[in-house]
Amino acid sequence: DRERHLHHRLGDRRRVLFDCVTISATGRMVRASHGVRLPSVAPDRSYHAVIAPPLWSASLAEFAHRANAVQKLAPLLRRLASRTKIMASACSGAVLLAHAGLLADRRATTCWWLADWFARRFPDVQLEAGRGEGFLASLPVGVLDSAILHANNLRDIEGDRATGKRTLASLV
C-alpha cells in the first residue's frame, strides 16, 4: 500500500485524519538525495498541505549542483500550489519553492549554512536569517520527525496491544 492513513477512533467507526503520500512528477519510485528509495504516486488531486523536502549534500558546491538539477520540478510545484492550501518546506527545501517562484516577495527561512547563498540566488525572497536561524530552520524538521514517529505509534497501537508490545508515547 503506497499510502499511509492515520486514524482516529470514534466508537466503532474510524475517521481518516491524515492521508500521507509521497508524490513525484512520474509517480514512480524516487531516490532521495541521501540515497533512500521511496515509492511515490503522481499528483492527482488537491492537497491540504505539501511539504518540499530538504536537499542533502556534503558541501555548498554539491548543494548548488543539486539545486540546479531540481529546477525541473518548478512547474510541478506551481501546479501543486494552485490546488493546495499550505505549501511548506523543510530546511533547504525552501530552494525548491524559491525556484518555482512561490516565495517571491514572501518571508522565508532556510538552514543557517545556506542563508548567504540563498539570499544571493533569490534576492526577491525576504530571507529571515538573523540570530537563531539555525533553530528556526531546524525546528520544522524536528517537529516533522516527531510527528512521523507519533503517527507511526498511533497506527501501530492496536497491533502492539494485541501482541503485548508497549507503545512509547511521543509528545508532539
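Some words on the overall build of the chain
Within the chain, the regular secondary structure consists of five helices and eight strands. The linear arrangement of helices and strands in the chain, starting from the amino end, is β-β-β-β-β-α-α-β-α-β-α-β-α. Taking all 172 residues of the chain together, 27% fall into the buried category. For the chain, long-range pairs separated by at least 24 residues make up 41% of all intrachain contacts whose partners lie at least 6 apart in sequence. Surface summary for the chain: the accessible area is close to 11600 Å², and the carbon and sulfur share equals 55%.

Remarks on the packing of aromatic side chains
Tallied over the entire structure, the rule returns four aromatic pairs. Ring centres of Trp 117 and Phe 122 lie 6.2 Å apart, and the angle between their planes is 80°; on these two criteria the pair is classed as edge-to-face. According to the relative accessible area criterion, Trp 117 is buried, its value standing at 12%. In this structure Phe 122 comes out as buried when scored by relative accessible area, which is 5%. Where Phe 118 meets Phe 122, the ring centres are 5.0 Å apart and the plane angle is 50°; that geometry is what we call tilted. The burial state of Phe 118 is the same as that of Phe 122; both residues are buried. An aromatic cluster is built from Phe 63, Trp 113, Trp 117, Phe 118 and Phe 122, whose rings are joined through pairwise contacts.

Focus: the side chain of Ser 24
Here Ser 24 is to be found in the loop between β2 (13-20) and β3 (30-31). Among the residues examined, Ser 24 registers a relative accessible area of 9% and is labelled buried. With sequence-adjacent residues up to four places away left out, Ser 24 is seen in contact with Val 30, Ser 40, Val 41, Ala 42, Pro 43 and Leu 76.

Section: the environment of Ala 98
Note that Ala 98 resides in helix α3 (residues 94-99). It is 6.9 Å that separates the C-alpha atoms of Ala 98 and Phe 122, two residues lying 24 residues apart in sequence. Setting aside its immediate chain neighbours within four residues, Ala 98 contacts Leu 103, Phe 118, Phe 122 and Val 125.

Observations regarding unusual backbone geometry
A positive phi angle is found at Cys 91, which is not glycine, with a value near 55°. Tracing the sequence through the fold places Cys 91 in the loop between β6 (84-89) and α3. Notably, Asp 105 is not glycine yet its phi reads approximately 60°, a positive angle. By secondary structure assignment, the location of Asp 105 is in the loop between α3 and β7 (107-108).

A few points about the nonpolar core
One broad trend across soluble globular proteins is that nonpolar side chains are buried collectively. Among the nonpolar cores identified, the biggest contains 29 residues, and Val 95, Leu 103, Trp 117 and Phe 118 are the most heavily contacted of them. Breaking this core down by element, the ones donating at least two residues are β5 (47-52), α1 (60-69), α2 (74-82), α3 and α4 (115-121). At five residues, the largest contribution of residues to this core is made by α3. Excluding residues that lie within four positions of it along the chain, Trp 117 makes contacts with Leu 60, Phe 63, Ala 64, Ala 67, Val 95 and Phe 122.

Some words on the pattern of salt bridges
Within the structure shown, the criterion is met by two salt bridges. Across the pair Glu 62 and Arg 66 runs a salt bridge whose closest N-O atoms are separated by 2.9 Å. Within this pair, Glu 62 and its partner Arg 66 are both found in helix α1, separated by four residues, close to a single helical turn. In this structure Arg 66 comes out as partly exposed when scored by relative accessible area, which is 22%. A salt bridge links Glu 128 to Arg 107; the nearest nitrogen and oxygen atoms lie 3.2 Å apart. A residue pair is termed long-range when its members are at least 10 positions apart, and Glu 128 in the loop between β8 (126-127) and α5 (133-163) and Arg 107 in strand β7 qualify at 21 residues. With a relative accessible area of 62%, Arg 107 lands in the exposed category.

How each quantity is defined
Residues numbered from 1 in each chain as written. Predicted model: local features only at pLDDT ≥ 70, side-chain atom pairs only at ≥ 80, totals over all residues. Heavy atoms only, no water. Helix = DSSP H or I, 4+ residues; strand = E, 2+ residues; numbered from the N terminus. Buried < 20%, exposed > 50% of the residue type's maximum accessible area, 1.4 Å probe, protein only. Contact = heavy atoms within 4.5 Å. Areas by Shrake-Rupley, 256 points an atom, 1.4 Å probe, with all protein chains shown as cover. Phe/Tyr/Trp six-rings, centres within 6.5 Å; stacked < 30°, edge-to-face > 60°. Core = buried A, V, L, I, M, F, W, Y, C linked by side-chain atoms within 4.5 Å. Salt bridge = Lys/Arg side-chain N within 4 Å of Asp/Glu carboxyl O.

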